[in-house]
Protein chains: 2
Amino acid sequence: MAQPVPTGTSVRAEDLTAKARIRNAALDLFAERGEEATSLRAIASAAGVTVGLVVHHYGTKEALREAVELAVVERFSDAIASAPPEGTASEVVAARDRAVAEMLESSPAVVDYLRRAILDGRGQRRDLVTKLSELTANQVRDLRRAGLASTKHSLGEQVVTTMVRQLGRLFLQPLVDRIADEFDESLDGARRPQLVVGVRR
Amino acid sequence: MAQPVPTGTSVRAEDLTAKARIRNAALDLFAERGEEATSLRAIASAAGVTVGLVVHHYGTKEALREAVELAVVERFSDAIASAPPEGTASEVVAARDRAVAEMLESSPAVVDYLRRAILDGRGQRRDLVTKLSELTANQVRDLRRAGLASTKHSLGEQVVTTMVRQLGRLFLQPLVDRIADEFDESLDGARRPQLVVGVRR
DNA sequence: CGGGTTACTGTACAACTGTACAGCAGGTCG
DNA sequence: CGACCTGCTGTACAGTTGTACAGTAACCCG
């Protein structure tokens, strides 16, 4: 679990270790341009180091990607852990959804990276989506053990529902935004249509 | 508009011109791996030609991408044109939605390519999303002129609604499928949850 | 002090990239 | 016939890629 940082204090880039700066730069660039279109040199220069150091710390590009994914998963589990497990089942679920939503809102790079990860998923590779659904599954199991989640539906159904609820809107929003931009004279800010995403069982 | 092909007859690859085979191969590979990760040589060998010919016909990779996008837009407009513009407003809209849905179902590469295009949209570039929303806008304008679409809402709102309805589910489905695969013992085929995507105004 | 691990730079290299271009076969037109 | 165009191959080239590695500076531990 990540070392807690005093709330209200944003971490300044120069205070981080070069290794962390490289990982963060990689997350940003992977999210923005995609993994394939991002060179190790671009990551290095964004982090203020040389290619050599990137290789020194992470060995290969693939290993760097895994480190980035690990960091993303950690942000999720930290966000979930930050929500108090108190109150009724729906209160706990709502608090967790809110914590995840806040985390995603404050780090758009995570959203963009995730969107790509789900899109590109090589399918067989044990990847980010797998890790996240395991995290969600554990979350659901915990709630069940505490008697806070129903056991009427299967675990798989509950995981799908949770993830779609937490992520679905974020995935479709760029489509809506980009179309809205084409007609920007008529659709500004608050009047923008709200997306509805969910699953019917 | 594309030359009509006898229904029930699937076009065999060797009957197509090399230029068309190159464009089709590019669509497939761009959809599967993304544009950045697809080399001209890979496209050439998938089409059974050499790199030289790809350059000969399309000049640059960027021009090839534009040809691919044009072909995608054409598939949409052909699908829409194939739906009879008869009946009530909602009948016409439903028929068009059905025609688009059938086209998308029969060419998964188009779906995958579109997903990427929306994701990667460089924003400022006049790209596929722009072209498709223009196509949709024209479609809406036609329906309005025929008195088949309401003018209560703005054009932008109607375009967003239409595109989200036609495309939204397809974009999120891979997320659902991949999570469902993680729990494949419990979620098979028909019992898979149905996604609900729409906009609330 | 010395020895060793760690953080880091700079350079080197083979593989691959998009693009340019010379050349060739086959057809059409004058 | 020759001139010309089109479809096509093969090769060449400069630039970029991921990775390897030698070397240097800074640190810790004995």
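Each remark here, short or long, concerns the structure printed above.
Residues numbered from 1 in each chain as written. Chains lettered and ligands numbered in written order. Predicted model: local features only at pLDDT ≥ 70, side-chain atom pairs only at ≥ 80, totals over all residues. Heavy atoms only, no water.

Residue and element names in this part refer to chain A. Per the stated rule, a full pass over the model turns up twelve salt bridges over all chains. As a salt-bridge pair, E69 and R65 come within 2.8 Å of each other at their nearest N and O atoms. With E69 and R65 both in helix α4 (residues 61–82) and four residues apart, this pair spans about one turn of that helix. Each member of the pair, E69 together with R65, is buried. Overlapping salt bridges, with partners in common, bring together E35, E62, R65, E69 and K131 in one network. (Salt bridge = Lys/Arg side-chain N within 4 Å of Asp/Glu carboxyl O. Helix = DSSP H or I, 4+ residues; strand = E, 2+ residues; numbered from the N terminus. Buried < 20%, exposed > 50% of the residue type's maximum accessible area, 1.4 Å probe, protein only.)

A word on the protein's contact with DNA strand D. Close contacts around DNA strand D come from 16 residues, with L40, R41 and K61 of chain A together with A18 and T50 of chain B the closest. A share of 58% is what sugar and phosphate atoms reach among the atoms of DNA strand D within 4 Å of the protein. Take T38 of chain A: an N or O atom from its main chain is 3.5 Å from a phosphate oxygen of DNA strand D. In this structure, R41 of chain B approaches DNA strand D through a side-chain N or O atom, which is 3.5 Å from a base nitrogen. Elements represented by at least two residues in the surface near DNA strand D include exactly α2 (40–47) and α3 (51–58) of chain A together with α3 (51–58) of chain B. A per-element tally of the surface near DNA strand D places α3 of chain B first, with four residues. Here the surface near DNA strand D is composed, by residue class, of six nonpolar, seven polar and three charged. (Near = heavy atom within 4 Å. Polar contact = N/O pair within 3.5 Å; in protein donor to acceptor, adjacent residues only side chain to side chain. Nonpolar A, V, L, I, M, F, W, Y, C, P; charged D, E, K, R; others polar.)

All names here are of chain B. Taken N-terminus to C-terminus, the directions of helix α1 (residues 18–33) and α3 make an angle of 100 degrees; their axes are 10 Å apart at the nearest point. In this view, α1 runs roughly perpendicular relative to α3, as classed from their interaxial angle. Seen from α1, the contacting residues are A18, K19, I22 and R23; seen from α3, they are L53, V54, H57 and Y58. Here the residues of the contact of α1 with α3 are counted per class, giving five nonpolar, one polar and two charged. (Axes fitted to C-alpha atoms, helices over the stretch in contact; angles between N-to-C directions. Parallel < 35°, antiparallel > 145°, perpendicular 65-115°, else oblique. Contact = heavy atoms within 4.5 Å.)

Opposite the 44 residues of chain A that make contact, chain B presents 44 residues. Together, L119, L175 and R178 of chain A form the three largest contributors to the area buried by chain A at its contact with chain B, with a combined 17%. Between the two partners, chain A and chain B, sit zero salt bridges. Contributing elements (two or more residues each) for the side of chain A that touches chain B: α6 (108–120), α7 (128–145), α8 (155–182) and β1 (194–200) of chain A. By residue number, the principal contributor to the side of chain A that touches chain B is α8 of chain A, which donates 16 residues. Counted by class, the side of chain A that touches chain B contains 24 nonpolar, ten polar and ten charged residues. With seven bridges joining them, β1 of chain A and strand β1 (residues 194–200) of chain B adopt antiparallel strand pairing. Residue L195 of chain A lies in a different strand from β1 of chain B, and its bridge partner there is V199 of chain B. (Buried area = accessible area lost by both parts, 1.4 Å probe. Pairing = 2+ DSSP bridges.)

Glancing now at the protein's contact with DNA strand C. Taken together, 16 residues lie near DNA strand C, and T50 and H57 of chain A together with L40, R41 and K61 of chain B sit nearest. Taken together, the sugar and phosphate atoms account for 57% of what DNA strand C places within 4 Å of the protein. H57 of chain A is positioned with one of its side-chain polar atoms (N or O) 3.2 Å from a phosphate oxygen of DNA strand C. The separation between a phosphate oxygen of DNA strand C and a polar main-chain atom of K61 of chain B is 2.7 Å. The set of elements that each furnish at least two residues to the surface near DNA strand C consists of α3 of chain A together with α2 (40–47) and α3 of chain B. Here the element with the most residues in the surface near DNA strand C is α3 of chain A; it accounts for four residues. Taken together, the residues of the surface near DNA strand C sort by class into six nonpolar, seven polar and three charged.

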